[in-house]
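# Structural features, examined
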Amino acid sequence: MKVPPMNTKHFLRALIAILSLAVSVEARAQCAGDMNGDGVVNGADLGMLLSSWGYCPATITNVTPLQGGTQGGTVISITGTGVASTSSVMVGGNACTNVSVISPTLVRATTPPGASGQASIAVTTNGGTTLASTPFNYVQQQITSIVPFYGPYAGGTPITITGQFLAGTTVVTIGGVPCTNVVSVSATQLTAVTPAGSLGAMDVVVNCPKGAVTAQGGFTYLSVIVPAWATLIEAAPDPEVVTNPTLRAAIAASGYAWRVRDNGTGIEMLLIPQGTFQMGCSASLLSTCNSDENPVHQVQITRSFYLGRYEVTQAQWATKMGSNPSSFQGYADSANRPVEQVNWNTVQSFLSATSMRLPTEAEWEYACRAGTSTAFCNGSSDDNTIGTLAWFSANASQTRAIGQKPANDLGLFDIVGNVSEWVVDWYSGTYYLTSPTQDPLGPSSGSSKLVRGGSWTLGSKPLRSSHRGWVAPTFANSDLGFRVARNP
């Protein structure tokens, strides 16, 4: 579109308007110097200006984070104007450390210790002291538990740390040495793997965005012994398996590795720590005790020992003995089913070939109970809970592959059900009347050997921890197998 040419008259009007505007702006700029408002810009105005000469006070626009542990150590960033001359930062009236001016608009400082609750933030510059509009909030950061709290000095123990305000943790040290695989699970939990360390109790320090928190002596390094006949699988008990803290502590106190594999057979074995328990009658809701389960008496197992985590399998037997006597062969999982149709005398050949032994009756019941005193080793005396505990006549018509039911609190699978298990003792119905209080071995002779744990052919009564069965040492059946033991 063509713009028509401006005539002389219109041009003059536009020029006059522009000049008038310029004069107005200049006038306003000139009057801006009129400090006292008397309509004149002169020395009086200059005097007023010079009387205010100096540093302007700082302004604080933001502080992050606004929350940290009461022990101090939280690094805060302060942004604003006029902070280039910052000389100190106070939180709750206490001086921060490591005050650093990063730029004319950014200062960083490390919070001092303080009491739980809100605390003012004050920044001092050449222009004076400025308070932040929002206070800092001190929280009670803490470590409430470390599980497990012990492990081998070689390191490699997975630990779980529980506490408060632990979110964002990336560094955990034990004895000053960083852990590996640190994972911040939540604000209350994190996991890590211990580094190698020195024997004894070490401080555990959790370094997270809210500061560092210390559990003094929170983890103890142990010298763990692995038997010469075994290969280490796991030095310290897994707290998700051995949930009883008393049992975990007893395993640690033994000085032996918790989980190993026998070199000669490949059989996985767990340490059963020494301890004391009440042996004998524990009736269920539906089953009373037999007379030979009485009297209840205290027994002390004075020496720790290893016990097979599972019943001996068909594959383990066949590998060592060269044949398989079991009834339930030919199934896809037969190799992992317990060996059966083995009498007590035949089992001795396997034990001789492997340097293993059978547990005593007292050792078996102690290991089965795993710290419980109830009828069943799952901590219940209700027969209706047995279906989730064991393979027995109500839910099985033959043996099953090992390890499908939950383990007891020592990590032993199928300690009841599946197949009954030979123990070393001869049977006597009155033995408990004269049984020694320490490491009883049973009668010196007899006609029957004890079997324990019930089986897939029997009901719930034999699944009770105190139930005793007995058969001739020449007896073999499709529901009778064994579990091996070994001294460290």
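Residues numbered from 1 in each chain as written. Predicted model: local features only at pLDDT ≥ 70, side-chain atom pairs only at ≥ 80, totals over all residues. Heavy atoms only, no water.

For the rest of this paragraph, the subject is the state of the cysteines. Between two cysteines, a covalent bond joining their sulfur atoms is known as a disulfide. A full pass over the atoms with the stated rule returns one disulfide. Between the sulfur atoms of Cys281 and its disulfide partner Cys289 the distance amounts to 2.0 Å. Judged by the torsion about the S-S bond (85°), the Cys281/Cys289 disulfide is right-handed. Looking at Cys281, the relative accessible area reads 26%, which means it is partly exposed. Using a relative accessible area of 18% as the deciding quantity, one classes Cys289 as buried. Cys208 provides the cysteine sulfur closest to Cys96, a residue in no disulfide bond, and the two sulfurs are 17 Å apart. Note on Cys96: relative accessible area 10%, which makes it buried. (Disulfide = S-S within 2.5 Å. Buried < 20%, exposed > 50% of the residue type's maximum accessible area, 1.4 Å probe, protein only.)

The step from Thr64 to Pro65 runs through a cis peptide bond, and the omega angle for that step is -15°. Along the chain, Pro65 turns up in the loop between β1 (59–64) and β2 (67–69). Even without glycine at this site, Asn98 takes up a positive phi of about 55°. Relative to the helices and strands, Asn98 is located in strand β6 (residues 97–103). Overall, the relative accessible area of 60% leaves Asn98 in the exposed class. (Helix = DSSP H or I, 4+ residues; strand = E, 2+ residues; numbered from the N terminus.)

We now examine the packing of helix α4 (residues 314–321) against helix α5 (residues 344–354). In the contact formed by α4 and α5, the axes pass within 10 Å of each other and the chain directions differ by 70°. The angle between α4 and α5 falls in the class roughly perpendicular. Between α4 and α5, the contacting residues are Gln316, Trp317, Lys320 and Met321 on the first element and Thr346, Val347, Ser349, Phe350, Ala353 and Thr354 on the second. Considered class by class, the residues forming the contact of α4 with α5 number five nonpolar, four polar and one charged. (Axes fitted to C-alpha atoms, helices over the stretch in contact; angles between N-to-C directions. Parallel < 35°, antiparallel > 145°, perpendicular 65-115°, else oblique. Contact = heavy atoms within 4.5 Å. Nonpolar A, V, L, I, M, F, W, Y, C, P; charged D, E, K, R; others polar.)

Moving on: the pattern of salt bridges. On inspection of all chains with the given rule, the structure shows 13 salt bridges. Linking Glu268 and Arg259 is a salt bridge whose minimum nitrogen-to-oxygen distance equals 2.5 Å. Salt-bridge contacts for Arg369 lead to Glu365; the nearest nitrogen and oxygen are separated by 3.0 Å. Here Arg369 and its partner Glu365 are both found in helix α6 (residues 361–369), four residues apart, which amounts to about one turn of the helix. When sorted by exposure, Arg369 lands in the same class as Glu365, which is buried. (Salt bridge = Lys/Arg side-chain N within 4 Å of Asp/Glu carboxyl O.)

Spatially, β1-β3-β7-β6 is the arrangement adopted by the four strands of the open sheet, whose pairing is antiparallel. At either margin of the open sheet sits one strand with a lone partner, and together these are β1 and β6. Going from strand to strand, the sheet's axes swing by 20° on average, the running direction of each strand aside. Pairing geometry for β6 and strand β7 (residues 106–110), over four bridges, is antiparallel. Residue pairing for β7: Thr97 is matched across the bridge by Thr110. (Pairing = 2+ DSSP bridges.)

On to the environment of Ser380. Relative to the helices and strands, Ser380 is located in the loop between α6 and β27 (420–426). Among the residues examined, Ser380 registers a relative accessible area of 17% and is labelled buried. Distance from Ser380 to Ser284, taken between C-alpha atoms, is 8.3 Å for residues 96 residues apart in sequence. Those residues in contact with Ser380 that lie beyond four places of it in its chain are Thr374, Ala375 and Thr385.

In this section: the nonpolar core. Formed by 59 residues in total, the largest nonpolar core has its most connected members in Val416, Phe482 and Val484. When near neighbours in sequence (up to four residues on either side) are disregarded, Val484 contacts Ile267, Met269, Tyr306, Leu307, Gly308, Val312, Phe350, Leu351, Met356 and Arg357. (Core = buried A, V, L, I, M, F, W, Y, C linked by side-chain atoms within 4.5 Å.)

As a further point, take the sheet that holds strand β15 (residues 171–174). Sheet architecture is open: five strands sit in the order β13-β20-β19-β15-β16, paired in mixed fashion. Of all strands in the sheet, those bounded by a partner on one side alone are β13 (150–152) and β16 (177–178). Here β15 runs beside strand β19 (residues 200–208); their pairing, made up of four bridges, is antiparallel. Within the sheet, the bridge partner assigned to Val171 lies in β19 and is Asn207.

Coordinates in, geometry out; function isn't part of it.
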